[in-house]
Amino acid sequence: MKRRVTPFALPLFLCGCAAYSLVEAKRTAIGDLYTVDPQISWSSTSQGKTDTWTVDGPFLQAVHFVKGLEDGEVLFKGGDEEKRPKFKKHMTPSEIMEFVVDSLSAIGAQDVQTVNLRPERFGDVPGFRFEMIFTSNEGLEKQGLVIGTIMKEQLHLIIYAGTRAHYYPKHKEHVERMIQSISLKGK
Amino acid sequence: MSLYRSVCCLALIFLASVSCATARGSPGALPDIRPGQRPAIDTEEAGLWMMMDRVEERLRTSGRVVTDANLNLYVRDIVCRLAAEHCSDIRVYIVRTPHFNASMAPNGTMQVWTGLILRAENEAQLAYVLGHELGHYLRRHTLQLWRDIRAKGNFLAFFQLATAAAGFGYIGPIAELIALGSIYQFSRDSEREADDLGFELMAKAGYDPREASSIWEALIKEQKAAKDPERIIFFSTHPSTEERVETLKQLGERAGADGVNRIIGRERFLAAVLPLRADLLRDELRQRDFARTQVVLDRVFESGVGLGVLHFCQGELFRLRGGEGDERKAIASYQKALEFDDAPVETYRALGFLFVRVGNKAQARNSLERYLAIRPDADDRDMIKAHLQEMQ
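Residues numbered from 1 in each chain as written. Chains lettered and ligands numbered in written order. Predicted model: local features only at pLDDT ≥ 70, side-chain atom pairs only at ≥ 80, totals over all residues. Heavy atoms only, no water.

Trainee: Honestly, the pattern of salt bridges in this entry has me stumped. Any pointers?
Mentor: When charged atoms on two side chains of opposite charge get close, those side chains can pair. Taken as a whole and judged by the stated rule, the model has 46 salt bridges over all chains. The shortest N-O distance in the salt bridge between Arg 286 of chain B and Asp 102 of chain A comes to 2.5 Å. Note that Arg 286 of chain B is positioned in the loop between α13 (266-285) and α14 (290-301) and Asp 102 of chain A in helix α2 (residues 93-106), a pairing that runs across two chains. With respect to class, Arg 286 of chain B is no different from Asp 102 of chain A; both count as buried. Among the salt bridges present, the one from Arg 164 of chain A reaches Glu 141 of chain A, with a minimum N-O distance of 3.3 Å. With Arg 164 of chain A in the loop between β10 (154-163) and α3 (167-180) and Glu 141 of chain A in strand β9 (residues 141-151), this residue pair connects regions lying 23 residues apart in the sequence. (Salt bridge = Lys/Arg side-chain N within 4 Å of Asp/Glu carboxyl O. Helix = DSSP H or I, 4+ residues; strand = E, 2+ residues; numbered from the N terminus. Buried < 20%, exposed > 50% of the residue type's maximum accessible area, 1.4 Å probe, protein only.)

Take a look at the structure:
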């Protein structure tokens, strides 16, 4: 059985020991597709198609940038991928929400509840957004928001999640402003 | 995983590593646990209880425990019917995990996984499995197991199991649940004894013993269809043999041949389980083991009730599987679901999106509009309205 774990799975449910680098509070590229204004300094780590930024530690709060998931790929690498939901390029926003929820559940999130799926611009292209609450494996209440779009048949997501008490609200406004600052490259 | 949890896990795995416990009646067998009995503080059994108390504490706050009051009362009531004198010593936790399993710790912690509840057809079947687990508790099989480990120093098995368990590492507490389940990897003698006692308890409580074998049979069928048969957790800790099913069948037929009307409890069972069935099926679908889930769904269909939900779930299975022709099959299942009053309103939404995909815009519009008409304050109404606008 494969046991490689992405940093994305780690901050939500386990404690990771990945190498981090500093993201300064100045416009930063997220892959080849877009840039954001981080608002504040973050610690960043990256694996595969996911960059993870945190201030207080990934277990407490983190922003995950999922960069261009392709048809048939899973959200969380490692473990028994055969039984994980896979992204399909024809998915509707409802199905992408289901994909995120089922992927979280597959790595141990409990009772993932989503609210307010709605259209939202991702930079200047059409996208979608929803909020969620769930319980971690340890019984800790967590809160999150997800914004995403499909471009050139690839899924791009920004997922912000943290403990419902204190750490999610602590940087939510920064994340909201960061989302507003998305600027697609070449536009 | 914290150090404590790792140590706890390994201790449990260590405990699970033995392959032969002492059966009742054989030399060194322990007397049954008495109602209200607690081990003396300076005994090894007290140490075992203390460890289980900690595991129970973690389980209680894990976020996996189902809080539905009716279902909890119902399952607890069955346990108390089966072992009335021990009722106050046993704490039942219904755990939201889509696998067939139940277990019982020596300190009186009983876990009943929702995968078992989904798969049982009636109260008598559930009572048999709970009776089997009570059998391990009453006969103090865990303590016997612990003593055998110490006597045999079975460290090779310990290391093998520790390595295997490490494979579950990234999942976290599910590994603990599995490890906790593994504690009951008793010997065949102990399993036979628990089978016998479970059978005896269910018969004494007035349940129809002919139901005992059928839940085992269903599980074997499911195992054959599963993508990864080794992941049927219950079978990893409870040896499953055709012979065992056959024995239970014969016992059941013999006991049921007296013409006495015994409890099957189908209506009571369905009343307690139906409100949660859609959620449990959703958990099952998340496993993405479609052949196995189809076996489960077929079995649940046999209940003959809640058909709107069941046809919707059948549609969901086809949609999620997404194989050749599955879109059409999903559409047919959703349409069938809508023939029943209990079809979830989400059926219209799912149907609408599939009609979009197969290029039937008129039907897509119709279905999505119907969804919004029934649920005008739907949480995703803005998204649906955006889809409808796009179609224009």
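That was the structure; now back to the text.
Trainee: How should I be thinking about the state of the cysteines in this particular structure?
Mentor: Two cysteines whose sulfur atoms are joined by a covalent bond form what is called a disulfide. Residue and element names in this part refer to chain B. In this structure the tally under the stated criterion is 1 disulfide over all chains. The disulfide bridge from Cys 80 ends at Cys 87, spanning 1.9 Å between sulfur atoms. With the S-S dihedral at roughly 55 degrees, the linkage between Cys 80 and Cys 87 falls on the right-handed side. Relative accessible area serves as the criterion here: at 16%, Cys 80 is assigned to the buried category. (Disulfide = S-S within 2.5 Å.)

Trainee: I'm lost on the domain arrangement of chain B in this one. Help?
Mentor: A common way to report how large an interface is uses the accessible area buried once the components associate. Residues and elements named next belong to chain B. If you check the domain split of chain B, you get domain 1 (7-256) and domain 2 (270-390). Contact with domain 1, which involves 23 residues of that partner, is made by 19 residues of domain 2. Taking both partners together, domain 1 and domain 2 bury about 1,900 Å²; carbon and sulfur atoms supply 62% of that area. Note that Arg 96 is salt-bridged to Asp 283, the shortest N-O span being 2.4 Å. Put simply, domain 1 and domain 2 have 4 residue pairs in polar contact (both at pLDDT 80 or more) between them. Those elements that provide at least two residues to the side of domain 1 that touches domain 2 are α3 (69-82), α4 (114-119) and α10 (212-225). Per-element accounting of the side of domain 1 that touches domain 2 gives the leading share, 6 residues, to α10. In terms of residue class, the side of domain 1 that touches domain 2 is built from 11 nonpolar, 4 polar and 8 charged. (Domains from an automatic or database assignment. Contact = heavy atoms within 4.5 Å. Buried area = accessible area lost by both parts, 1.4 Å probe. Polar contact = N/O pair within 3.5 Å; in protein donor to acceptor, adjacent residues only side chain to side chain. Nonpolar A, V, L, I, M, F, W, Y, C, P; charged D, E, K, R; others polar.)

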